[in-house]
Amino acid sequence: MWKTGLLLLFWGLLTSSELQQEATEPEPRNQPPSGKLDFGYVPQGDYKTLAYYEPGVIGILFHMVHAFLYVVQPNPFPEDLVVKVAKDKFGAIQSEYQKPENIVLTLQAIYYETGFMVCAVLGLLFIVLLPLVGLFFCLCRCCENCGGEMHQRQRKNADCQRGLLTTLLFATSLIITAGVLCAYAANQNLSSQLEGMKRLVSSNLEDLQTFANETPTQIDYLIAQYATAKYTVISDLDNVGPLLGGNIHVELGTEVHPALDGVLRMAGAMRETKEALENVSVSLEVLQEATGKLHFNLSLVRSSLNRTLNDPGCSGEDSDATTTQLCRSIHSSLAQLHVSANFTRLPDVNNQLESVNQVLKTDLSDIIQKGFSSFNDTPGMVSDQMRDVVEGARGLLDVISTNISSFSKVFPVHSSLANFTNFIIHTQSKIEDSYPEIDQIDFYRWICCTGLCCMVVLILAFNFLAILCGTMGYDKHASPTTRGCVSNTGGTLLMAGVGFSFLFSWILMGVVTATFLVGGNVEKLVCEPFHTKELFKVLDTPHLVNPEWRNFIPGYMYNDSDLDLTVENFYSNCKNNRSLYSAMRLDKVFNVTTLLNSSLYTKEVAKMFDSVKIDLRGIVLLESEGKQSLIDFSETGIAEINYAAYLAEVNKGVTLVDLLSYANELEAQTDLMPKGPLQTSLKGHTNSLRQIHSQLVIPMEQAMKYVRARSTLNQSIRLLERTASDLPNKITDVLKTIEAAQYLISQNATHVAIQETEKYKQTIVGYFRQYIEWVRTSLTMEVAACKPFSNIVDTVEIVACSFLVDSLNTFWFGLGCCALFLLPSIILSVKLAKFYRRMDTEDVYDDIETIPMKTMEIGNNGYHNECLQGIQNPVMTSIPAYDTMTRFPRASAPPRHIDW
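No experiment lies behind these values; they were computed from the predicted model shown.

Focus on the overall build of the chain
Part 1 of the reasoning: Counting secondary structure elements, the chain contains 33 helices and four strands.
Part 2 of the reasoning: Across the chain, contacts joining residues at least 24 apart in sequence account for 88% of those joining residues at least 6 apart.
Part 3 of the reasoning: Carbon and sulfur atoms form 59% of the exposed surface of the chain, whose accessible area is close to 45,900 Å².

Written as C-alpha cells, this is what we have:
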C-alpha cells in the first residue's frame, strides 16, 4: 500500500494544479512578435538544512581514532563478501555452513575481522586475568610476600630508584590523564551534539514540508506559464498580416522594389528632362540676345574701320610707306573683330519640350505610387485571407487551455499530498515527544560514562596525591622506619590506587572491548564505505534484493528493474539539487513531453496552416498608362538634339580677340602714323572698341544673368545628353523588369507564400515547443528539487557516524588507553610505595669494631632476624647483643663498611 501511495505522491507532485487556468493565467505580457519566450523563474523553496559537520578541535581525536582503526583493520571494504552475505541473508551460511563456499565466506570474514578479533581476545584476556592477578596479588601480600613485608632493604642507589619510579609513575599518570580527558571530551561531545541533532532533524522535517508545499506551487506555475505561450501565439495570430504578410512582402520586395524604383527613377528623369529643356530654351534666348547686340556693334566698328582704311591717305600716293604698312596690318586684323560664341546659329528645343510636356500630362509618379500602395497592401491581403485560420487557431488554444488546466484532475493529487504532509507532521510530533526520553537516556548514558571516567580519575587522584605527599614528605636523613606521616600517607595512597586499579581496570576493559567491537565495525563497515561510496555499490549490486531485479528501486517502484536508477544516482542527483522527476526517472512513467505534445495539439495547429493558400494576383505594379508614358518618353526626340554644337558654343569665349588688347594695339599703331584725319579717325574707332568692351563684353563675362545662363545651358545640355543616351534601351529594360516583377507576383508568389507560411507555422508551433522544453527542463532541474532527501541521508550519516560513532570510538579509545596504562601504574605504584611508606623493620648497622650486635627475634624488638635460609649469619652471631631500642630508637645509621 505504501508503494502505491508513494507513486501517487510522486505523480501528484508533478501534476498538481487545482487552480483553473482561467483564474491563474497572468495578463498578456508585452512580448515581441516572435522569438524566444521568457517564462520567468520557477519559484524555489528555501531549504534550511545544511548537512555539513565540522567537529572542530575534537576532530584531531577523531583522526587519531581513525588512524588506529586503520592499523587494526587495514583491509579494504569487503564488498564481495558483504554482497554474498546479503544475498544469502545468512540462511544458507547458518544451515549449510559445511559447504565449501560457506566455509570460504567464513574464512574471508575471519580474515577481514582479524584485527578486531586479536584486540577482542587481548581484551578478554585482560578482563579475565587481571582480577585473578589482583586476587593472587592480595593473597601474596597478606602472606607478607610480593612487597607485603614491611621491611625495606637498604640500597646505595635508593634515592635514584625512588626518583626514577616517581618520574615513570608521574608520566604514566599523565598518559592516563590524557586518556580520561579524551574519553570525557568524547562523552561531553556526544551530549553537546544532541542539540545539533535535534536541529538537524527539525530542519530536515521542515524541508520536507517545504518540499511538499512548494512543489504544487511550482507545478501551478508551470501550468500557468502556458498563458505566456498562449498570449504570444494570439499576438502573432492578431498580427498575421504584419508578420506573415510582412515577410512575404519583404521576400517579394527584393524583386519588386528594384523594378518600381527603376520606373520611379525614369519618372524623375522625365521631370528633369522637362526642366533641362526649359532651361536650355530660356538660356539660349538670353545668350542669343546678348551675342546679337555684340555682333551688331562689332559689325559697325569693322565696317567703319574698313572705310577708314580705304581712305587715300592710308593707301594712296600721298601716304608714306609707314602709314601704308600700318594700314595693311590693321586691315588684315579686322577679321578678328567677330563674335566667338554665336548662339544665334543653335537650333531651339521647343519641339522636344512640347513632346515632353505632352508625356508628362500622364502622372507617372502617381501611377507608381499606386503600384507601391498595391504591393505594400500585401499584409492586409494576407490578413484577410488568413481570417478563418486565425479564428480556428484561437478556438484550438481555448481547448488546449482546458486540457492543461485539467491535469490535476487526472490523479488524486491533494489527497496524496495531504497524507504526506500529515505523515511528516505526525512524525515530527512523535520525534519531538521522544526528545525528553532521549534526553533522559542521554543523561543516564552520560552518568555511566562519567562514572567510568571517575573511576580512572579516582585512581589518578590517588597517584597524584601519593606523588605529591611522597615528594613533599621526603627526608633524606630519615630511615625507612622513621619516615614522616606525609610520606607514609603517600605510600598508603599508592597502594589504595593499586587496589582500585585491580577493582576497576577489568570493568573498564570490558566496556572498551564491547564498544570497540561495535564502534570499530560500524566505522569500517558503514561510515567509511559511505564516504567512499562503496556502500552505494553494495546497495546497487544487481539482483541483491530480488534475484529477478537488476536494480531494486525501479523494480520495486515501476516493475522495470532494467531502468537505470540506482541508489547512488538518486543520492547524487538529489545532492546536486536536481528535481525528483529526474532523480527518480519518472519520465519513464510520466513522460511530460509526450503528454504535452498530445495535449497541445501541435499537429492539429500545423495542419491548419498547411491548408493556407495565399493569392496575390490582385497586386498591379504598373498600369498600362504608365507603360505607355514610358514608351512615349523614348519618342520625344531629345536624342536628336545636336549636343556637340551646343557644348562647342558654350565652351567658346565671347569674341575671337580681346577687344581691349586689340584697341590698345590699334592705338599704338595709330600713334606711329602722322597726325591728321586718318589718325584721328582710327583713334575714334579705338575708343569705340573700348566702349563695346566695357559695355557689352564685360557684362556678358561677369553679369550673373549671362553667367548663369551659360552655366545652366551647359549643365542642362549635359543632363539631356546623359538622359538621351541609349534612352529607348533603358526604357525597354525598365519595362522588362516591371513585367518580370508582375509575373513573379501573379504566377510565382504562391511558392514564396508557402515558404513564408511554413516559417510562420514553425514560429507558432515553436512557441508550444519552447513551452514544452521549458516545462521538461524545469521538471528535470528545478521543480521538486529533492535536496531534502539527500540531506536526510547526510543527516543520518552525520548523526550516526560523526555524532555517535566517532564519539563512541573516541570514548573507548581514551578509556582503553587508561585501562592499558593502569598495568604499569600498578607495578610502579607497588614499587614506589616501599620508598614512601614507613617500614616496621630496617637494616641496622653499627661500627663492627666497637659495637657488637646480636640477632633479635621479630616481635621482641621489631628488628629483622638475620638468617639466611636457616643458617645463622656468622658475623652477626659473633657480636654481643645490645638493647638497640634504647641506643638507636627507630633508626640507625648505615654501616661504614668497605663493601657497602
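Still more to cover.
Quick notes on the state of the cysteines
Part 1 of the reasoning: What the rule picks out here adds up to two disulfides.
Part 2 of the reasoning: Between the sulfur atoms of Cys 527 and its disulfide mate Cys 801 the distance is 2.0 Å. Across the S-S bond of Cys 527 and Cys 801 the torsion is about -95°, and the bridge reads as left-handed. Of the two residues, Cys 527 sits in helix α18 (residues 485–532) while Cys 801 sits in helix α31 (residues 787–836), which places them 274 residues apart along the sequence.

Some points on the UniProt feature "transmembrane region" (unreviewed entry) in the chain
Part 1 of the reasoning: Mapped onto the present numbering, the UniProt feature "transmembrane region" (unreviewed entry) falls on residues 115–142, 163–186, 443–472, 493–518 and 811–830.
Part 2 of the reasoning: Measuring from the first to the last C-alpha atom of residues 115–142 gives 40 Å, for a span that is 100% helix and 0% strand.
Part 3 of the reasoning: Helix and strand shares over residues 163–186 are 100% and 0% respectively, and the end C-alpha atoms of the span are 34 Å apart.

Structural notes on the packing of helix α7 (residues 114–142) against α18
Part 1 of the reasoning: Interaxial distance between α7 and α18 falls to 10 Å at its minimum, and their mutual angle equals 170°. Relative to α18, the element α7 lies roughly antiparallel.

Comments concerning unusual backbone geometry
Part 1 of the reasoning: Residues other than glycine seldom take positive phi values, yet Lys 533 does so here, at roughly 65°.
Part 2 of the reasoning: Topologically, Lys 533 is positioned in the loop between α18 and α19 (534–539).
Part 3 of the reasoning: For Asn 577, which is not a glycine, the phi torsion comes out positive at approximately 60°.
Part 4 of the reasoning: Positionally, Asn 577 belongs in the loop between α21 (567–575) and α22 (580–583).

What about the confidence of the model for the chain?
Part 1 of the reasoning: Summarising the model, the chain shows a mean pLDDT of 76, and 78% of its residues fall at 70 or more.
Part 2 of the reasoning: Ranking the elements of the chain by mean pLDDT puts helix α2 (residues 21–24) last with 33 and helix α3 (residues 59–72) first with 91.
Part 3 of the reasoning: Overall, residues 1–34 carries pLDDT values under 50, and its contacts beyond four positions in sequence, including any with other chains, amount to 86 contacts.

Some thoughts on the side chain of Ser 579
Part 1 of the reasoning: Among the secondary structure elements, Ser 579 is positioned in the loop between α21 and α22.
Part 2 of the reasoning: By relative accessible area, which is 0% here, Ser 579 ends up buried.
Part 3 of the reasoning: Engagement of the side chain of Ser 579 in a polar contact is seen with the backbone oxygen of Thr 780, the distance being 2.8 Å.

Some thoughts on the pattern of salt bridges
Opposite charge on two side chains allows them to pair when their charged atoms are near.
Part 1 of the reasoning: For the structure shown, the criterion picks out 13 salt bridges.
Part 2 of the reasoning: Here Asp 439 makes a salt bridge to Lys 198, at a shortest N to O gap of 3.0 Å. One end of the pair, Asp 439, is in helix α17 (residues 413–472); the other, Lys 198, is in helix α8 (residues 158–224), with 241 residues separating them in the sequence.
Part 3 of the reasoning: You can call Asp 439 partly exposed: its relative accessible area is 30%.
Part 4 of the reasoning: Here Asp 366 ties to Lys 370 by a salt bridge, and the two come within 3.8 Å at their closest N and O atoms. Here Asp 366 pairs with Lys 370, and both are found in helix α14 (residues 364–376), just four residues apart, close to one helical turn.
Part 5 of the reasoning: For Asp 366, a relative accessible area of 37% translates into the label partly exposed.

What to know about α18
Owing to its 3.6 residues per turn, the α-helix aligns residues three or four sequence positions apart on the same side.
Part 1 of the reasoning: Here α18 spans only 62 Å end to end across 48 residues, well under the 70 Å set by a 1.5 Å rise per residue.
Part 2 of the reasoning: Largest kink in α18: about 40°, centred on Glu 523.
Part 3 of the reasoning: Where α18 terminates, the next one or two residues include Lys 533, which has phi positive at roughly 65°.

Notes on the packing of aromatic side chains
Part 1 of the reasoning: Summed over all chains, the structure comprises 20 aromatic pairs.
Part 2 of the reasoning: For the ring pair Phe 170 and Phe 464, a centre distance of 5.8 Å and an interplane angle of 80° mean the geometry is edge-to-face. Residue Phe 170 is located in helix α8, and its partner Phe 464 is located in helix α17; the two are separated by 294 residues in the primary sequence.
Part 3 of the reasoning: Taken together, the ring pairs in this structure connect Phe 39, Tyr 221, Tyr 226, Tyr 771 and Trp 774 into an aromatic cluster.

Rules used in this analysis
Residues numbered from 1 in each chain as written. Predicted model: local features only at pLDDT ≥ 70, side-chain atom pairs only at ≥ 80, totals over all residues. Heavy atoms only, no water. Helix = DSSP H or I, 4+ residues; strand = E, 2+ residues; numbered from the N terminus. Contact = heavy atoms within 4.5 Å. Areas by Shrake-Rupley, 256 points an atom, 1.4 Å probe, with all protein chains shown as cover. Disulfide = S-S within 2.5 Å. UniProt positions renumbered as here; feature names shortened; annotations may be inferred. Axes fitted to C-alpha atoms, helices over the stretch in contact; angles between N-to-C directions. Parallel < 35°, antiparallel > 145°, perpendicular 65-115°, else oblique. pLDDT = per-residue confidence, 0-100. Buried < 20%, exposed > 50% of the residue type's maximum accessible area, 1.4 Å probe, protein only. Polar contact = N/O pair within 3.5 Å; in protein donor to acceptor, adjacent residues only side chain to side chain. Salt bridge = Lys/Arg side-chain N within 4 Å of Asp/Glu carboxyl O. Expected span 1.5 Å × (residues − 1). Bend = angle between axes of the 7 residues up to and from the residue. Phe/Tyr/Trp six-rings, centres within 6.5 Å; stacked < 30°, edge-to-face > 60°.

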